[in-house]
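The residues making up each chain are set out below.
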Amino acid sequence: MSESARLRHDQVTRRTRWCVGILTALIWVLGVFAFAAVIVGDSKLRVLEALSLILFAVLFAWIAFSFALSVVGYFGLRQFRRAAKATGSDLSSDVSGDGAIVGGESRTAILMPVYNESPTRVFAAVASMREQLQCQAGTAGQFDFYILSDTTDPEIWLEEECCWSQLIERFNAGQEATNPAGAASDIDVEADINVYYRHRSQNSARKAGNIADFCENWGGLYEFMIVLDADSLMSGSTMAEMVRRMSVDRSLGILQVPPVPIGRMSLFARLQQFAAAVYGPMFAEGFDRFAGDQGNYWGHNAIIRVNAFMQHCQLPVLPGEAPLGGEILSHDFVEAALMVKAGWKVRIANDLGGSYEECPTTVLDFAKRDQRWCQGNLQHWHLLIGEGVHRVSRLHFLSGILSYMAAPLWLAFLVVCLGAAVVNAYQAGERSVPDMTSTMVGLFVVSMALLIVPKLLAIVSTVSVSETRKGLGGVLRVLVSAIVETFAAVLFAPIIAVYHSRFVFSNLRGNKVSWNAQQRDEKGVTWSEATQQMWFLTLVGIAVAAVFAAWQPFWLVWFAPVILGWSLSIPLTVMLGSRQAGVLLAKLGLLQVASERKPIELMQRHQYWISELEAMHQDEQAGQPNLFERLLVDAKFRQQHLDILRAANAQVRLPGDAPERSLVSIGDGGVAALEPEKRRRLLSDDAWLESLGTL
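Residues numbered from 1 in each chain as written. Predicted model: local features only at pLDDT ≥ 70, side-chain atom pairs only at ≥ 80, totals over all residues. Heavy atoms only, no water.

### Remarks on the pattern of salt bridges
Then, in step 1: Counted by the stated rule, this structure contains 30 salt bridges.
Then, in step 2: For Asp229, the salt bridge identified is with Lys207, shortest N-O distance 2.7 Å. Placement of Asp229 in the loop between β4 (224-227) and β5 (233-234) and of Lys207 in helix α6 (residues 206-218) is noted, with a sequence separation of 22 residues between them.
Then, in step 3: For Asp229, a relative accessible area of 18% corresponds to the buried category.
Then, in step 4: Judged by its relative accessible area of 17%, Lys207 falls in the buried class.
Then, in step 5: When the shortest N-O distance is used, the salt bridge between Asp293 and Arg347 registers 3.4 Å. Taken as a pair, Asp293 in the loop between α9 (280-291) and β8 (302-305) and Arg347 in strand β9 (residues 345-348) lie far apart in primary sequence, 54 residues in all.
Then, in step 6: Of the residues examined, Arg347 reaches a relative accessible area of 18% and is grouped as buried.
Then, in step 7: One salt-bridge network, held together by shared partners, links Glu241, Arg244, Arg245 and Asp351. (Salt bridge = Lys/Arg side-chain N within 4 Å of Asp/Glu carboxyl O. Helix = DSSP H or I, 4+ residues; strand = E, 2+ residues; numbered from the N terminus. Buried < 20%, exposed > 50% of the residue type's maximum accessible area, 1.4 Å probe, protein only.)

### Digging into the nonpolar core
Then, in step 1: Leu267, Phe274, Tyr279, Ile459, Tyr499 and Met534 are the most contacted members of the largest nonpolar core, which has 70 residues in total.
Then, in step 2: Looking at this core element by element, the count peaks at 11 residues for helix α17 (residues 475-508).
Then, in step 3: With sequence-adjacent residues up to four places away left out, Tyr279 is seen in contact with Phe274, Lys455, Ala458, Ile459, Ala482, Glu485 and Thr486. (Core = buried A, V, L, I, M, F, W, Y, C linked by side-chain atoms within 4.5 Å. Contact = heavy atoms within 4.5 Å.)

### Description of the sheet that holds β5
Neighbouring strands of a sheet are bound in pairs by backbone hydrogen bonds; such pairs are parallel or else antiparallel.
Then, in step 1: In space, the three strands of this open sheet follow the order β5-β10-β7, with mixed pairing throughout. In the strand order of this sheet, the two ends are held by β5 and β7 (260-261), each with one partner.
Then, in step 2: Inspection of the sheet shows β7 paired to strand β10 (residues 355-357) by two bridges, in the parallel sense. Following the sheet pairing, Pro261 is matched in β10 by Glu357. (Pairing = 2+ DSSP bridges.)

### A word on unusual backbone geometry
Then, in step 1: Going from Ala322 to Pro323, the amide bond is cis rather than trans, its omega being 15°.
Then, in step 2: The phi dihedral of Leu591 is positive, around 60°, even though this residue is not glycine.
Then, in step 3: Mapped onto the elements of the fold, Leu591 is located in the loop between α22 (579-587) and α23 (594-597).
Then, in step 4: Assessed through its relative accessible area of 0%, Leu591 is described here as buried.

### Concerning the packing of helix α18 (residues 527-551) against helix α20 (residues 560-567)
Then, in step 1: Packing of α18 against α20 brings their axes to within 7 Å, and their N-to-C directions diverge by 140°. Comparing the axis directions of α18 and α20 gives the class oblique. Of the two possible hands of crossing, α18 and α20 adopt the one that is left-handed. Taken together, the residues of α20 that come into contact with α18 (itself represented by Leu537, Thr538, Val540, Gly541, Ile542, Val544, Ala545 and Phe548) are Ile563, Trp566 and Ser567.
Then, in step 2: For the contact of α18 with α20, a count of residues per class yields eight nonpolar, three polar and no charged. (Axes fitted to C-alpha atoms, helices over the stretch in contact; angles between N-to-C directions. Parallel < 35°, antiparallel > 145°, perpendicular 65-115°, else oblique. Left-handed = near helix turned anticlockwise from the far one by under 90°. Nonpolar A, V, L, I, M, F, W, Y, C, P; charged D, E, K, R; others polar.)

### Quick look at α18
Residues spaced three or four apart along an α-helix point in a common direction, a consequence of the helix completing one turn every 3.6 residues.
Then, in step 1: In α18, a bend of some 60° at Met534 exceeds every other bend along the element.
Then, in step 2: Listing the buried residues of α18 in full gives Ala530, Met534, Leu537, Thr538, Gly541 and Phe548. (Bend = angle between axes of the 7 residues up to and from the residue.)

### A few points about the confidence of the model for the protein chain
Atomic detail in the predicted coordinates should be set aside for any region of low pLDDT.
Then, in step 1: In the predicted model, the protein chain carries a mean pLDDT of 87, and 89% of its residues have values of at least 70.
Then, in step 2: In the predicted structure, residues 173-191 sits below a pLDDT of 50 and forms 40 contacts with residues beyond four places in sequence or in another chain.
Then, in step 3: Confidence drops under pLDDT 50 across residues 664-668; counting only partners more than four residues distant or on other chains, this segment forms four contacts. (pLDDT = per-residue confidence, 0-100.)

### Digging into the packing of aromatic side chains
Then, in step 1: Here the structure, examined in full by the defined rule, presents 26 aromatic pairs.
Then, in step 2: Ring centres of Phe56 and Phe413 lie 6.1 Å apart, and the angle between their planes is 40°; on these two criteria the pair is classed as tilted. In this pair, Phe56 sits in helix α2 (residues 47-87) while Phe413 sits in helix α14 (residues 391-428), placing the two residues 357 residues apart along the sequence.
Then, in step 3: Classification of Phe56 by relative accessible area gives buried; the value is 8%.
Then, in step 4: Residue Phe413 is classed as buried on the basis of its relative accessible area, which comes to 14%.
Then, in step 5: With 6.4 Å between their ring centres and 80° between their planes, Phe274 and Tyr279 make a pair best called edge-to-face.
Then, in step 6: On the basis of relative accessibility, which here comes to 7%, the residue Tyr279 falls in the buried class.
Then, in step 7: An aromatic cluster of at least three residues, connected via ring pairs, comprises Tyr146, Tyr196, Phe214, Trp218 and Tyr222.
Then, in step 8: The aromatic ring of Phe171 is capped on one face by Arg130, whose charged end is 3.8 Å from the ring centroid.
Then, in step 9: Across the ring face of Phe637, the terminal group of Arg630 is positioned such that the distance to the ring centre comes to 4.2 Å. (Phe/Tyr/Trp six-rings, centres within 6.5 Å; stacked < 30°, edge-to-face > 60°. Lys NZ or Arg CZ within 6 Å of the ring centre and 35° of its normal.)

### Details of the pairing of strand β3 (residues 194-199)
Then, in step 1: When you tally the buried positions in β3, you get six out of six residues, the bulk of the element.
Then, in step 2: Here β3 shows two buried faces, one formed by Asn194, Tyr196 and Arg198 and the other by Val195, Tyr197 and His199.
Then, in step 3: As paired elements, strand β2 (residues 143-149) and β3 share six bridges and run parallel to each other. If you follow Ser149 over to β3, its bridge partner there is His199.

### What about the side chain of Thr24?
Then, in step 1: Structurally, Thr24 can be placed in helix α1 (residues 3-39).
Then, in step 2: The contacts of Thr24, once residues within four sequence positions are left out, are Ala61, Ala64, Phe65 and Ala68.

### Describing the sheet that holds β8
Then, in step 1: Strand order in the open sheet formed by seven strands is β3-β2-β1-β4-β8-β6-β9, with mixed pairing between adjacent strands. The two strands at the open ends of the sheet, each matched to only one other strand, are β3 and β9. Here the strands of the sheet are splayed against their neighbours by 20° on average, with no regard to which way each runs.
Then, in step 2: Here strand β1 (residues 108-114) pairs with β4 via four bridges, running parallel. For Ala109, the partnering residue across the bridge sits in β4 and is Met225.
Then, in step 3: On top of the sheet, helix α4 (residues 154-171) reaches β1, β2 and β3; it is set at about 165° to β3, its chief contact.
Then, in step 4: Where helix α11 (residues 331-341) meets the sheet, its contacts fall on β6 (252-256), β8 and β9, and the angle it forms with β6 comes to roughly 150°.

The structure is reproduced here in structure tokens:
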């Protein structure tokens, strides 16, 4: 980027931030004054009313800021499309051109950290992305894939090795190295795109530690690394374009490509996929224009300059103990802030497509994921007040914290307002109280408008592009789908608000979350599971409805979304997790995204490789009860495991008197009686594995 272009870009960013700030402040002041007029209608400000005003001020500021970003995003997209049309550029989000990489000496590692994930899906994703990269000009010798395993389940660990070896045989790469450690000293830059596999015996620091381990051992071989999640897919043209942009702009430290959720069929997943397709681009554009060169990193589907990352992104250990102190869980926001603090740019590539992920398919899976994110985001209060952190990075931290703290604040606001209404009703007596109904209704309408108008702007922005409109089924289907999505979101919001409140209070009480693999399969939610999780919330909803009906029936209208969401939480949870419900709406043409009407080649190849790997795995496993027992009797399989273990220097030898080292001491149950943790320790002991060959 030239100096004049950089100055223009900085000027636009400053102007955008001023516009967002002024619009947010204007809306906030008007809203707070209107609410204050309501609660002091009788010229008295009581304790509960004052508390409700404080809570309203915090929550309304959050709403006003989000509204301002959406307005900026709407006009930003219009400006971008006009400019693209004037220059004759492709208006679609796909990368055009042959994807040739500028700076042919740049080498890029594509990292896929995994933790007890489905090996067939993971390696199928790698195979399909590798195919796409091979179609791009100038990629030979410039890309390598690394599957970085932190898996603790011994069967999944061995299955990962099987899938990797099967892929290598299919690729016929002609290399003898079984692991990056074995190839690190002599890599042929003219070779094909390599696929390496490494397993850590000690998975310290979770995903952040997994990536740090790669950087320490092999980071020096690469200028860039593209970080993926286990459910990520990225097109070859997008990855090539990411490298090109990093090569051109030497001050760019992280380039994040917003991932689009695709490929799921449950009703809950379809709602998320539709919302991301219609509302996502506008909000991402607004965020990008506001953040400028101080953007954020979401932990995956992004490219990072390795040397800058290694120099500046070592995660600190937070003061205090977990859950709010100690080891950082949500590392991505922190790494982006550290990169910005060091003077590097962190940008959002909102104009790039070809970046995909999967989303939770049920309310319960969504809640489990959010529980981990909640603890990680609440930890960021340490960084929020940290020394030298850029003000925009502080805003990112504050936004992450408020995304979970808003729920208990909102519930507290409802309770305080109800309490104030009760107190006022008993204390008013015969006193004349001004009628503030019109002000209250006006404030409610404005608040709803701030939530609904951004969606309307996003719909207008979406249907104004012919290709996008056709991909979503036309204007009518988009409108009906948006109504369905909005209605579901209104009922879902009170449910997730209770979950988020529970997570926040649980963390504040000192309870830590466990690190478990995410549920990727579409299993739905049974009625018994939903009842077990939602019975108390259902009773609360019914009780609130009964109290309002007996005391203030008019309040049933005002609180209808909350009462309905809680009272119907059991059937809602079952229905939202239903694949059948999602398929039914799809048959009606509702909640469909473009990838369903025009299948993406990358997704099709992913499914092809899943079928291929499953077939190969079934053939190899014929007659074997499990992979661990196969390792005991199959010398070739055992040697392959040993080679992988030693190549990464991941072996951990057990003490000589460890009971699991001797098969004789296992007991009457034999090998089958070994617990998974003991099997995992044995798989890390190369000396024990070697001894099996002498039995």
